[in-house]
Amino acid sequence: MPDRLIAETPFVRRARRTNRRIRLFCFPHAGAGASAFAAWPDLLPPEVEVVAVQLPGREDRVGEPHPASVDVAVRMVAVALRPYLQGPYAFFGHSGGALLAFELARALRKRGTQPGHLFLSGQSAPGHDIAAPELHRLSDDDLRAAVRSMDGTSDGVFTDPELMKLLLPTLRADFTLWENHRHRPDQPLSVPVTALGGDTDPRAPVSGLRAWEKQTTGAFSAEVFPGGHFYLHDSEAELAGLIGGALLGREPAYTGQGGRNS
């Protein structure tokens with residue numbers, strides 16, 4: 001049985017692999033923490049070492065202040081991950097985590113290193129904005145309803161006042177972070193990018209996933225699964241098969257509706 005995610009630093013939850021060929025750094029969605037990837041070490045090939053990033057303000061870091069901006073978050077994570085960027089590595093991020101992974105990859109390029117692959121999930125590319133209300137401006141009740149409609153959180157959480165008291169500030173801080181972020185155009189990355197999403201996700205339509213192709217000169221593919229914004233909850237094994245196959249140069253276990261471009 002592979003090792004579970006173990007806390008090594010405030011930012012890092014790592015499942016150690018003695019036969020590691022590549023590290024996969026995972027960035028969770030708004031309101032979530034490293035535990036969102038707790039099952040991934042068992043689902044991915046043993047050559048892939050999962051490193052889940054734990055940002056301030058969530059789970060066992062709930063008492064710490066949230067990053068004041070995306071630039072601050074990127075700088076914090078870049079410094080924290082530096083000891084782990086030895087050898088091949090890749091990034092996976094879902095929703096806001098996808099944007100963090102993308103911005104971190106751009107920042108690391110300036111420092112002379114880049115991930116070998118970017119997996120960007122549940123997030124439209126910069127410049128492909130959707131007509132949607134800014135969630136961080138909603139009242140607590142409306143924010144709770146909006147998040148519940150995404151089907152990414154157990155109903156039991158929404159009926160537990162104590163849990164909601166802890167979760168709402170984190171959700172609001174995360175949505176504030178990303179909804180106030182303004183993309184700064186730069187040269188495209190040169191790494192392979194795989195955009196991933198659900199076929200009924202209004203927050204990241206297929207056109208928004210395919211728009212990520214403009215952000216890289218490397219190989220690109222868009223993979224679409226059945227489902228909405230949290231398609232990955234129902235397709236976790238298929239998603240892990242696709243990621244593992246791409247990282248290790250094997251034929252992936254799933255080919256979505258989006259098709260491949262290279």
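Residue positions within a chain follow its written sequence, with the count starting from 1. In keeping with the model being predicted, local features are shown solely for residues with a pLDDT of at least 70 and side-chain atom pairs are shown and tallied solely at 80 or more, while totals for entire chains, interfaces and linings include all residues. To obtain the side-chain values, all non-hydrogen atoms of the structure were used and water was disregarded.

**Q** Mind showing me how you'd approach helix α9 (residues 236-248) here?
**A** Along an α-helix, residues three or four apart share an orientation, since each turn contains 3.6 residues. Spanning 13 residues, α9 covers 18 Å between terminal C-alpha atoms, matching the ideal 18 Å at 1.5 Å per step. Burial classification: accessible surface area is computed with a 1.4 Å probe over protein chains only, and a residue below 20% of its type maximum counts as buried, one above 50% as exposed, and the rest as partly exposed. A run of H or I in DSSP counts as a helix once it spans at least four residues, and a run of E counts as a strand once it spans at least two, with each numbered from the N terminus. Every buried residue belonging to α9 is among Leu-239, Ala-240, Leu-242, Ile-243, Gly-244, Gly-245, Leu-247 and Leu-248, and all of these are buried. At the exit of α9 stands Gly-249, carrying a positive phi of roughly 70 degrees. Each helix should span, by expectation, one fewer than its residue count multiplied by 1.5 Å.

**Q** For this particular structure, what's the right way to read a nonpolar patch on the surface?
**A** Exposure above 30% relative accessible area and the lack of any salt bridge qualify a residue for a patch; like charges then connect within 9 Å, and the nonpolar side chains Val, Leu, Ile, Met, Phe, Trp and Tyr within 5 Å. Areas reported here follow the Shrake-Rupley algorithm with a probe of radius 1.4 Å; residue values treat only the protein chains shown as occluding. A side-chain nitrogen of Lys or Arg and a carboxyl oxygen of Asp or Glu constitute a salt bridge if their distance falls within 4 Å. On the surface, Val-62, Leu-163 and Leu-166 cluster together into a nonpolar patch covering about 250 Å² of accessible area. In this structure, Val-62 sits in the loop between β4 (48-53) and α2 (70-81).

**Q** Teacher, can you tell me more about the confidence of the model for the protein chain here?
**A** Any region with low pLDDT has predicted coordinates that should not be read closely. Scored from 0 to 100, pLDDT records how confident the predictor is in each individual residue. In this model, the protein chain carries a mean pLDDT of 87, and residues with pLDDT of at least 70 account for 85%. Whether two residues are in contact is decided by their heavy atoms, any of which lying within 4.5 Å being enough. Low pLDDT, under 50, characterises residues 258-262; the stretch is placed with 18 contacts to residues that sit more than four places away or in other chains.

**Q** Is there a simple way to explain the packing of aromatic side chains in this structure?
**A** Aromatic ring pairs are described here by two measures, namely the spacing of the ring centres and the angle between the planes. To pair, rings of Phe, Tyr and Trp, with the six-membered ring standing in for Trp, must have centres within 6.5 Å; the planes then decide the type, stacked if under 30 degrees apart, edge-to-face if over 60, and tilted in the middle. For the structure shown, the criterion picks out 9 aromatic pairs. Ring centres of Phe-25 and Tyr-89 lie 5.9 Å apart, and the angle between their planes is 85 degrees; this geometry places the pair in the edge-to-face category. Taken together, the residues span a long stretch of sequence, with Phe-25 in strand β3 (residues 22-27) and Tyr-89 in strand β5 (residues 89-94) at a distance of 64 residues. When sorted by exposure, Phe-25 lands in the same class as Tyr-89, which is buried.

**Q** Even after reading the chapter, I still don't get the nonpolar core, so can you show me in this structure?
**A** The nonpolar side chains of soluble globular proteins are, as a tendency, buried together. For our purposes a nonpolar core is just a set of buried Ala, Val, Leu, Ile, Met, Phe, Trp, Tyr and Cys residues, chained together by side-chain atoms within 4.5 Å. In this structure, Phe-25, Phe-27, Leu-81, Phe-91, Leu-104, Leu-118 and Trp-212 are the most contacted members of the largest nonpolar core, which totals 43 residues. If sequence neighbours within four positions are ignored, Phe-25 has contacts with Val-51, Leu-81, Tyr-84, Leu-85, Tyr-89, Ala-90, Phe-91 and Phe-92. Membership of the second largest hydrophobic core comes to 24 residues, among which are Leu-24, Val-50, Ala-90 and Tyr-231.

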